[in-house]
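Report on the structure
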Amino acid sequence: MVTLPLQEKVSIVAVLSDSANFDALLALDTVLSPIAQNLDYVLIANGLDEPTSRELIKRIHELPDTTIHFLPETVDDDFARLIAIDNAVGDWLLCIDDLNQSWDVLPQLFAALEPGIDHVTVRTQRSIGKQSWLYRLLSNAYMRAYNKVTGLTIDREGRGCKLYSRAAAQYILHNRRAEMLLHSLNLGNFFPGKIINDNRVAPPENARSTREGLIKGWRILMRSTTLPLRIVTSAAIASCIFNASYAILVVVIHSINSSVAPGWTTLSLQVSLMFFVISLLLALIGEYLVQIDRSVNHRLRYTIMREVRNMHSRLDGKRNVWRTDATQEPLTKITGT
Amino acid sequence: MKHYDALIIGGGFFGCMIAIALRQQGLARVVVAERSNQIMRRATQFNQARIHRGYHYPRDSVTARASARGYHRFIDDFRTASRPDFITHYGIARNSKVTPSQFEHFCKSVGIPLSAPSLSMRRLVDSDLVQEVYQVEECVFDCNRLMQDVRQRLQQAGVEVRLETEVSGVSSKGAKHYFQLNNEQASADFVFNATYAEIDRQGIAVRSKVKREWVEVALIKPPPDLADSGITIMDGPFFSVMPFPSRDCYSLTHVRYTPIASWIDNKDAPAMGAFGIHKSIQASAMQYDAMRYIPCMRQAEILGSYYEIKAVLAATDHSDARPVLFEKSDDFPAVYSVLGSKIDNIYDVLEELPEIVNRSSAVIPYYEGSR
Ligand SMILES: Cc1cc2nc3c(=O)[nH]c(=O)nc-3n(C[C@H](O)[C@H](O)[C@H](O)COP(=O)(O)OP(=O)(O)OC[C@H]3O[C@@H](n4cnc5c(N)ncnc54)[C@H](O)[C@@H]3O)c2cc1C
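Because the structure is a prediction, the values reported are computed rather than measured.

Some details on helix 3 (residues 100-110) of chain B
In an α-helix, one turn spans 3.6 residues, which is why side chains three or four residues apart end up on the same side. Residues and elements named next belong to chain B. Counting buried residues along helix 3, nine of its 11 residues qualify, which places the element largely inside the surrounding structure. For helix 3, the complete set of buried residues consists of Pro100, Ser101, Gln102, Phe103, His105, Phe106, Cys107, Ser109 and Val110. Just past helix 3, the residue Gly111 takes up positive phi, approximately 80°.

As C-alpha cells, then:
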C-alpha cells in the first residue's frame, strides 16, 4: 500500500447532503489514515436539514482536522464542490462525489499516482437515477453538444471519486468551465490523468427536475462561453451592413426612378440610418462587454454562513523534522506544483 | 589529545543552540568549531530575518504548525533580538497557488491570526494584480542582537567555542570519533554537523540530497509609505519587502530573481562571487517587478545586495515543505547531520536531542553551576 510522506497533505473535499452520515466519514478516515498521514476534511453543508446539521456539529470532534462550511442556501452540488476546493489547501485533493459508497478502491487510487500524473478518476457504473426521461434526453444531448464544442470528455459514468494535484485543482477553480471540468476525464494536455474503472454501480445522482436541469445548463453555458454575446454582436454588425446597404439602395432607387412616392426616400433613409446607428451601438457595446468579461477575474462568489471546525489535528506534536527513513520522495516534486 | 563529549561543526544558530542544549542535557565537554572569526555570520546573518509564524507555508501544514508552535517560544526566549515594532502583511496575488479563501482556511486551521489591513496599505497595492491583502502578526529578528544573546548563552552554559577553526578528517574507532581541529587532533563521543550549505562537504556522507541556491537579496531604503511595515506577495513567483533590522534597512527578495544559480551535486557548483554585501546584480529587476504590484516601490532606493547560499532538501524543494534534516550517519556510531530550516524550528531539533543523549552511557550528569 502507498503511504504518502508527512509533508504531502491530502484534503478530502465533499458536499454533505441530508443523507450525510458521520459514520461514513469515519469509515473513509479509517481507510485513508494508513495512506496519508497528513489529512484534512473540507466539507460543505449544502442546505442540510436541522437534525443532520445538529448531528454533524455534535460529532465533529470525532474527526480531527475537519471543517464544515454551512451555506446559507442550497446551491447546485457542483458549485458546492467548487466552494470546497476553494477552501482546501492539500497537495492532493480527493473529491468525493458521494459519501455513501465503499472505499475499497482508495488504495488503488493512490497507487495510481506516478510521476507526471495530476489527476486520477475512479469511474463507476452509472445507475439510472430518479431523473425523468425528458431530463435524461435533454442532458445527454446537451453533454454531447458541450463535448463537441469544448473538446472535453464529460464523464457520463457513475459518481465516484477523483484525486487532483493542487495545480490541477487550481486550474479547475480558475477556469470558466469549472463546473463541467469536475466531470471531465481530461483537463487538457498540461494535466495528464489516469482512469481507474470500477465495476460497482454508483449511488444514484440526486434527483434534479427538468427545470433545474435547464437552469443549470443555461448558467453553465453563460459562464463557459461568450458565444451568445458574440452572436448578438455578429447580428448587430449584420444589421449595420444591411441598413447601410438599404440606405444606398434607397438613394439609388430615388435617383433612377422618378415615380417613387413622395416622402418614401426620406422615411426609408431615416429608418435605415436610425437602425444603422442603433445596430452599430449594439455591436460596439457588445464588443466592449466581451472585452470586460475577458478581463474580469471569474472568482467564485459565495457566502459561508457558519463554519464549524475541529481544531484538534493529527499533526499536533509532530516535529518538522525530515528523517532519512522517510525515503519516499514527495509526489509534488514530480508533478512540479 | 583533547577529548570532548560532543563536537558541533558550524557555529551558526543551529550549531550553537544544539551545543547549549547538549550542555543542559548533561554533556560536560561540548565544543563548537566555527570556521570564520565570529559565530552566526553566514546564513543566520544573511536571511530575510523573518520569525516565521506559519503564514508563509499555506502549502505545508507541518512546517506551518512547527512555526506557529515555535514563534512565541522564540520571541520569549530571544526578547532582545525580536522586533515586533513592524506591521507585517501578506498579499495573495492574482495567479497565486492558493486562493484567498484557501489562505484564510489554512490560517484558521493552524490557529494564526489574520485581520484586515489599514486602508492606506490596501491602497498601496494594485488590486488588479493582488486579490487580497491581510495584516498578520509576525515579526522580524535582529541577527546582531541574536548573536550577542547566543554568545552570552554559550558562555553561561560553558560551551567551548573555537573560532577560525576548521574541522576535517572525521573518522571513528569503536564508539569514539577522531578529527582535526585545524591541525590539532581531538576526539568526541558525539559529532553534530551543522554546517548548513556545506553539510555534505565535511567528509560525512549525507544520504538526503541537498539543493543549494546562490542567492542575491537586495537591501533597500523602503518607500516612505512602507516605513514600519513589510509585505509579502504570495504564492508563487512573487516577492517580499521586509524590515532587515541588523542593517537598519529593508530586504527585497523575489522568488524569480533572488536565486542566481542552483545545484545539488557539489561538482556542479558555479563559480560564485564573495559572500556578504556587494553591488547589486538583480535588484533592479526585483524592484521593477515589485512596482507592478506595489507602485510606490518606485521610490525604494537600492543600497546593495547580500549574497549567500541557501540550502533546502532536494526532496521537498518543489513543495512548500521546509523540514529540518536530522540524519544519523551510516558510517559512524554517533554522527548527526542537521540542516536547519526556519530559525524558530530549532525547538523541533532540540526535542530530538534527549533521545540521542540518553541512549548513550557516556553521559556524565551536568548541573547548572557544577563547573
Ligand atoms: C536568503 C535566505 C533567506 C532566509 N530567510 C529566512 C527567514 O526569513 N527566516 C528564517 O527563519 N530562516 C530563513 N532562512 C533560513 C535560515 O537562515 C537558516 O536555516 C539558518 O540560518 C541555518 O542556520 P545554521 O546554523 O544551520 O547555518 P549557518 O548560519 O550558515 O551556520 C553554518 C556555519 O558552519 C560553518 N562551517 C561550515 N563548514 C565548516 C567547517 N568545515 N568547519 C567549521 N565551521 C564550518 C560556517 O562558517 C557557518 O558559520 C533563510 C536563508 C537564506 C539563505
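Text resumes after the structure shown.
Quick notes on the packing of helix 3 (residues 77-87) of chain A against helix 3 of chain B
Two numbers describe how helix 3 of chain A lies on helix 3 of chain B: the axes approach to 6 Å, and their chain directions differ by 60°. Relative to helix 3 of chain B, the element helix 3 of chain A is oriented oblique. Here Ile85, Asp86 and Asn87 of chain A of helix 3 of chain A come into contact with helix 3 of chain B, specifically with Ser101, Gln102 and His105 of chain B. Looking at the contact of helix 3 of chain A with helix 3 of chain B, its residues break down into one nonpolar, four polar and one charged.

Some words on the domain arrangement of chain B
All names here are of chain B. As far as domains go, chain B holds domain 1 (2-42 + 144-205 + 329-370) and domain 2 (60-140 + 210-316). For domain 1 versus domain 2, the separation of C-alpha centres amounts to 30 Å. The interface is formed by 21 residues belonging to domain 1 together with 24 residues belonging to domain 2. Carbon and sulfur atoms supply 51% of the area buried between domain 1 and domain 2, which totals about 2,100 Å² over both sides. Seen at the junction of domain 1 and domain 2, the total is four salt bridges. In this structure, Arg42 engages Glu308 in a salt bridge whose closest nitrogen and oxygen atoms are separated by 2.9 Å.

A word on the site of the ligand
All names here are of chain B. Neighbouring the ligand are 34 residues, the closest being Glu34, Thr44, Gln202, Ser341 and Ile343. One of the backbone nitrogen or oxygen atoms of Arg35 is found 3.1 Å away from a nitrogen atom of the ligand. Here an oxygen atom of the ligand and a side-chain polar atom of Asn47 are 3.1 Å apart. Against a free-state accessible area of 1,000 Å², the protein chains account for coverage of 98% of the ligand.

Examining the nonpolar core
With 82 residues, the main nonpolar core has Phe13, Leu22, Val150, Phe192 and Met297 of chain B as its most contacted residues. Per-element tally for this core: the top contributor is helix 1 (residues 13-24) of chain B, with nine residues. Among the nonpolar cores identified, the runner-up in size contains 40 residues, and Ile12, Leu39, Trp92 and Ile117 of chain A belong to it.

Description of a nonpolar patch on the surface
On the surface, Val277, Leu280, Leu281, Leu284, Ile285, Tyr288, Leu289, Ile292 and Val296 of chain A cluster together to form a nonpolar patch covering roughly 840 Å² of accessible area. When you line up the elements, Ile285 of chain A lands in helix 10 (residues 264-295).

Quick look at the pairing of strand 11 (residues 184-193) of chain B
Residues and elements named next belong to chain B. Extensive coverage of strand 11 is indicated by the burial of eight of its 10 residues. Bridge count between strand 1 (residues 2-9) and strand 11: seven bridges; the pairing is parallel. Paired with Tyr4 across the strands is Ala188, a residue of strand 11. Where strand 10 (residues 176-181) folds back on strand 11, the antiparallel hairpin that results is connected by two residues, among which Asn182 adopts a positive phi of roughly 55°. Sheet topology places strand 11 next to strand 20 (residues 335-339); three bridges connect them, and they run parallel. The residue bridging Val191 from the neighbouring strand is Val335, located in strand 20.

Here's the deal with the environment of Ile253 of chain A
Residues and elements named next belong to chain A. Within the secondary structure, Ile253 sits in helix 9 (residues 227-256). Assessed through its relative accessible area of 26%, Ile253 is described here as partly exposed. Separated by 89 residues in sequence, Ile253 and Tyr164 place their C-alpha atoms 67 Å apart. Once you skip the residues sitting within four places of it in the chain, Ile253 turns out to touch Val260 and Trp264.

Notes on the confidence of the model for chain A
On average, chain A scores 87 in pLDDT, and the residues at 70 or more come to 92%. With pLDDT under 50 throughout, residues 326-337 of chain A is counted as low confidence; its partners more than four residues away or in other chains account for 35 contacts.

Conventions adopted
Residues numbered from 1 in each chain as written. Chains lettered and ligands numbered in written order. Predicted model: local features only at pLDDT ≥ 70, side-chain atom pairs only at ≥ 80, totals over all residues. Heavy atoms only, no water. Buried < 20%, exposed > 50% of the residue type's maximum accessible area, 1.4 Å probe, protein only. Helix = DSSP H or I, 4+ residues; strand = E, 2+ residues; numbered from the N terminus. Axes fitted to C-alpha atoms, helices over the stretch in contact; angles between N-to-C directions. Parallel < 35°, antiparallel > 145°, perpendicular 65-115°, else oblique. Contact = heavy atoms within 4.5 Å. Nonpolar A, V, L, I, M, F, W, Y, C, P; charged D, E, K, R; others polar. Domains from an automatic or database assignment. Buried area = accessible area lost by both parts, 1.4 Å probe. Salt bridge = Lys/Arg side-chain N within 4 Å of Asp/Glu carboxyl O. Near = heavy atom within 4 Å. Polar contact = N/O pair within 3.5 Å; in protein donor to acceptor, adjacent residues only side chain to side chain. Areas by Shrake-Rupley, 256 points an atom, 1.4 Å probe, with all protein chains shown as cover. Core = buried A, V, L, I, M, F, W, Y, C linked by side-chain atoms within 4.5 Å. Patch = residues over 30% accessible without salt bridge, like charges linked within 9 Å, V, L, I, M, F, W, Y side chains within 5 Å. Pairing = 2+ DSSP bridges. pLDDT = per-residue confidence, 0-100.

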